[in-house]
Amino acid sequence: MRNLKNNIRFSGLLIVFTASLFTSFCGLGGGNGASSKSGGAWITPRYMDEVYAFMSGGYSGQVSINGIPSGRIIKQIPVFSVFPENGYGFDEETKGLLMTSQGFLPWDDSHHPVLSLTNGMQDGRWLFINANNTPRIARIDLDWFETKEIIEIPNSAGNHGSPYITENSDYVFAATRFSVPIPQRDIPIESMSKGEFNGTITMVKLDKDGHMSIDLQVRVPAFHYDKSGCGKAVSKDWCFFTSYNTEQAWKMMEAEASQNDKDYILAFNWKVAQGCISKAKTVPGVHYRNYHPENQPAISEKRTTVKMIDAKDCPGSVYYLPTPKSPHGVDVSPDGELIVGSGKLSAQIAVHSFSKLQKAINDKGAIEKTIDGVPVLKYEATLYGEVQKKEKEAGKDYLCLGPLHTEFDNKGRAYTSCFLSNNIMVWDRKTLDVIEGLQTWYNIGHLSVVGGNTVKPYGKYVIGLDKQAKDRMLPVGPELHHLVQLYDISGDKGVFLNEFPTIGEPHYAQMAPAELLAKKSKKFYNLKDNKHPHATLTEDKARVERKGKEVHAYVTATLTHFKPDKIEVKKGDTVYFHVTNLTQEYDMPHGFAVYGAEFPNLLVMPGQTKSAMWKADNVGVYPFYCTDFCSALHQEMQNYIRVSP
Amino acid sequence: MNENILQKHKYFVLLSVPIMISVYFVPLWIIIMGGVQFPDPLEMLLYVYDIVGGEEWNIYTINDFNHYVGMGKINAEAMPELKYMPWILGYIILFSVITFFHSKVYMVLIQLAHLTLAGLAGMVDFYLWLYKYGKNMDTTAPLYNKVFDYQPPLFACKQIMNVRPCSWPHIGTFIMLGVAGIFIYIAYKERELHLKK
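This report concerns the structure included in the present document. (Residues numbered from 1 in each chain as written. Chains lettered and ligands numbered in written order. Predicted model: local features only at pLDDT ≥ 70, side-chain atom pairs only at ≥ 80, totals over all residues.)

**What to know about the overall build of chain B**
When you go through chain B residue by residue, the secondary structure sums to 5 helices and 5 strands. Reading chain B from its N end, one meets helices and strands in the order α-β-β-β-α-α-α-β-β-α. For chain B, whose C-alpha radius of gyration is 21 Å, the value lies well above the compact-globule estimate of 16 Å for 197 residues. Reported as C-alpha extents along the three principal axes, the dimensions of chain B are approximately 70 × 30 × 30 Å. Summarising the internal contacts of chain B: among those between residues at least 6 apart in sequence, 64% fall at separations of at least 24. (Helix = DSSP H or I, 4+ residues; strand = E, 2+ residues; numbered from the N terminus. Rg over C-alpha atoms; globule rule 2.2 N^0.38 Å. Contact = placed C-beta atoms within 7 Å.)

If you want it as structure tokens, here you go:
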């Protein structure tokens, strides 16, 4: 027996070894220097990774980018939280992005990064991500890798099932994880169970430049809408939202919301809903739409109303599909046919069929009941099958406990993350047979395959995003960064390649091949295109201007000095620094920091202008200096501001 | 010397006209500034009438860096050569046209002399410019150090502090060499004919 085990272990090693040899010889993606030093994940310095992984930051509110397969952190993009490191949310240019109906908010909880699509394929234009706490959706531009727009979602709370996107980036969606009174008003919390709360499905329209606006909100029964996934190919007109708490409990939900054997997947036909916009009522819905034009201050627009319609008044737009217990993820296969609902509190992965759904909605006999006018279809009427556990094989029990999310590869396989059993279940899309289990450490949440939500996945790698790291990293006090495990899935069996820590709590991640994005990434802001109202485009224009008690210092930064040579103000002045970086070279920002300032570092990219406000409260002479080590004379890049009585 | 050149050779002379006109549109010389921290090297392209960066802002960035060591600014407007070089080339092109109509052997030889002189003068002028550029230093510049020789190379590569400029002829120079080749060929063939007679 022991011999057999050793043999298995040995052949496992052999597989890892040959796989790594294979990847090193083939050179990942045409010679990017991956070698066998760490099982194919080692990228020789100077060579670049094959894949971009966009990780949500969870409670950091940001997005971070890791290179795959190395796992190296390449960048953090500030989105919903202020970022003192570069001034995001503090400077006059980006402050406006964080405006909401509740005022300026310095933080949020970012969950699901979603790449824009054209014909169901990643097009590399934008990355969208939701704010869960104060419902919002952000758009990140993938030329600049910067947040360019944030729209607030009114009449919602807990924007979790968001921002999943349609096949041609017509819409991104938002859904209420916490049903609330709509419109907001003072009513007893207990009335949650009495139908006085509601949920909403929000259709956020994208124009050709990616600008977002709310087209329609569909009012739906007060369940908690959890995750979403949009159809593609045959099901491209549909999006799907899971729900829990169909019990409509308002307290001790861990138990009270977990009583029903089945909750629902809400199937939403957005094409039909689009046709109902003309019938919808204009209702109150204060929300902000903040847009950051290139190299200019962000524009915050307040909007006060939205179009809303009850689901029952737009027949054919909403159906409920019963799905085992508090389903979490709902994911659609590349051909658009399978709708995979993972019963979080069950050991079942329920797979619905889109063609059966099409039949069922036209068959009166398939309707079990209606809830607030929304038809509930019979479980069997739409079910394609259930993924069952695989009996023991070679000492392993392929059991998926707590299935959460599913993604797909280019070889007809599906990958489901299993939170409680700490593994990724790999199964065949046609037969629903389990092929293997890939271990994760520990408590995997989301998982991601490269292009795993497209009509033609790139495949090759799957990552599992864990909630706990425990004994996998050096201890550094009570908390550890969350871990990611990387598997190579190009062969018949998944091969464990790498694991690495991440920033914040990545919930979901989407991955895109490097060739889609690397070449078009911008290197600097062209001074000729700088239309900032306070830009100073040449050194001889650097100056200090006074307007009453307000002083505007037009500062230029270049290798390696600031102009003007000195700034002189009076006590009590409000000083605006407008710093323009005149350097025109890749990777050459200058920093700007002032003694005692309430604003943090301004990290000014080449060709960019950034502004910040400083109160001259104390008489004296104070230094300001460059914070980004820019050259051999970086230390000398400093000047003074004098405050006279 | 006063003989007419062959009909075929006349057309070669005519052919040199459009070929030389193309030189207005291509660089004559390139200086590539590479270095450890310049994986994308900065490039400076010398045209008949201008100096431009390999990419927009390259010259601007070269000037930005060069002020550290005290080198002067590259400024096409302050370079008189760039004003009269297009006229010299124009004159040579015009001379080819005249040679086509007045196709005497001595005209071919004069044109060959033009090409040789223009080429040599160009090189000497370029060298002097580089010399001035590399020797006429602002000695108060932060990184100025008299032990270094800052003069960029006329040909091939040279390490200057932490950068390694390389200087090479570009398409325009090769085209002009080709044109000179055409005239050498004509002269050689005409000489052969002359000797046969």
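**Quick word on the overall build of chain A**
A count of helical and extended segments in chain A gives 7 helices and 47 strands. The C-alpha atoms of chain A give 27 Å as radius of gyration, which agrees with the globular expectation for 645 residues (26 Å, within 12%). For chain A, the spread of C-alpha atoms along the principal axes amounts to about 80 × 65 × 45 Å. Within the span of chain A, comprising 645 residues, buried residues form 53% of the whole. At a minimum sequence separation of 6, the contacts of chain A that also span at least 24 residues come to 60%. (Buried ≥ 20, exposed ≤ 12 C-beta atoms within 10 Å, placed from the backbone.)

**With respect to the sheet that holds strand S32 (residues 434-439) of chain A**
All names here are of chain A. The strand order across the open sheet formed by 4 strands is S29-S30-S31-S32, and the pairing between neighbours is antiparallel. Strand pairing shows two members of the sheet lacking a second neighbour, strand S29 (403-408) and S32, which therefore form its edges. Going from strand to strand, the sheet's axes swing by 25° on average, the running direction of each strand aside. As paired strands, strand S30 (residues 413-418) and strand S31 (residues 423-428) are joined by 6 bridges and run antiparallel to one another. Note on S31: the bridge partner recorded for Arg413 is Asp428. (Pairing = 2+ DSSP bridges. Axes fitted to C-alpha atoms, helices over the stretch in contact; angles between N-to-C directions.)

**Digging into the interface of chain B and chain A**
Of the residues lining the interface, 8 residues belong to chain B; the matching set on chain A comes to 8 residues. Among the elements that line the side of chain B that touches chain A, the one with the most residues is helix H2 (residues 58-69) of chain B, at 4 residues. For the side of chain B that touches chain A, the residue count by class is 5 nonpolar, 1 polar and 2 charged. (Nonpolar A, V, L, I, M, F, W, Y, C, P; charged D, E, K, R; others polar.)

**Focus: the sheet that holds strand S47 (residues 638-644) of chain A**
Residue and element names in this part refer to chain A. A sheet is described by the order of its strands in space; here 5 strands give the open sequence S41-S47-S46-S43-S44, paired in mixed fashion. Only two strands of the sheet have a single partner each, and these edge strands are strand S41 (566-570) and strand S44 (602-604). Along the sheet, successive strands turn relative to each other by an average axial angle of 25°, direction set aside. Where strand S43 (residues 590-594) lies against strand S46 (residues 620-625), 2 bridges are found, and the strand directions are antiparallel. Residue Val594 lies in a different strand from S46, and its bridge partner there is Phe624.

**Section: the packing of helix H1 (residues 7-21) of chain B against helix H3 (residues 81-101) of chain B**
Residue and element names in this part refer to chain B. H3 packs onto H1 with a crossing angle of 155° between their chain directions and a minimal axis gap of 8 Å. Regarding the angle of H1 to H3, the classification is roughly antiparallel. Here H1 and H3 pass one another in a crossing that is left-handed. In this structure, H1 contributes Lys10, Val13, Leu14, Ser16, Val17, Met20 and Ile21 to the contact, and H3 contributes Leu89, Ile92, Ile93, Ser96, Val97, Thr99 and Phe100. Per-class residue counts for the contact of H1 with H3 are 10 nonpolar, 3 polar and 1 charged. (Parallel < 35°, antiparallel > 145°, perpendicular 65-115°, else oblique. Left-handed = near helix turned anticlockwise from the far one by under 90°.)

**Focus: the pairing of S29(A)**
Residue and element names in this part refer to chain A. With 6 of its 6 residues buried, S29 lies for the most part within the structure. When S29 meets S30, the two strands line up antiparallel, connected through 4 bridges. Residue pairing in the sheet places Phe408 in a bridge with Ala414 of S30. The turn joining S29 and S30, which pair antiparallel and follow one another in sequence, is formed by 4 residues; a positive phi near 80° is taken by Gly412.

**Examining unusual backbone geometry**
Phi is mostly negative for residues that are not glycine, and the peptide bonds are mostly trans. Cis rather than trans, the peptide bond between Trp441(A) and Tyr442(A) has omega equal to -15°. Here the residue pair Lys563(A) and Pro564(A) is connected by a cis peptide bond, since its omega of 0° sits within 30 degrees of zero. The residue Pro564(A) is located in the loop between strand S40 (561-563) and S41 in this model. Of note, Asp587(A) is a non-glycine position whose phi angle comes to about 60°, a positive value. Within the secondary structure, Asp587(A) sits in the loop between strand S42 (574-581) and S43. Its identity is not glycine, yet Ala156(B) carries a phi of approximately 70°, on the positive side. Note that Ala156(B) resides in strand S4 (residues 156-157). Given 9 C-beta atoms within a 10 Å radius, Ala156(B) is considered exposed.

Everything listed here is a matter of geometry and, on its own, says nothing about what the molecule does.
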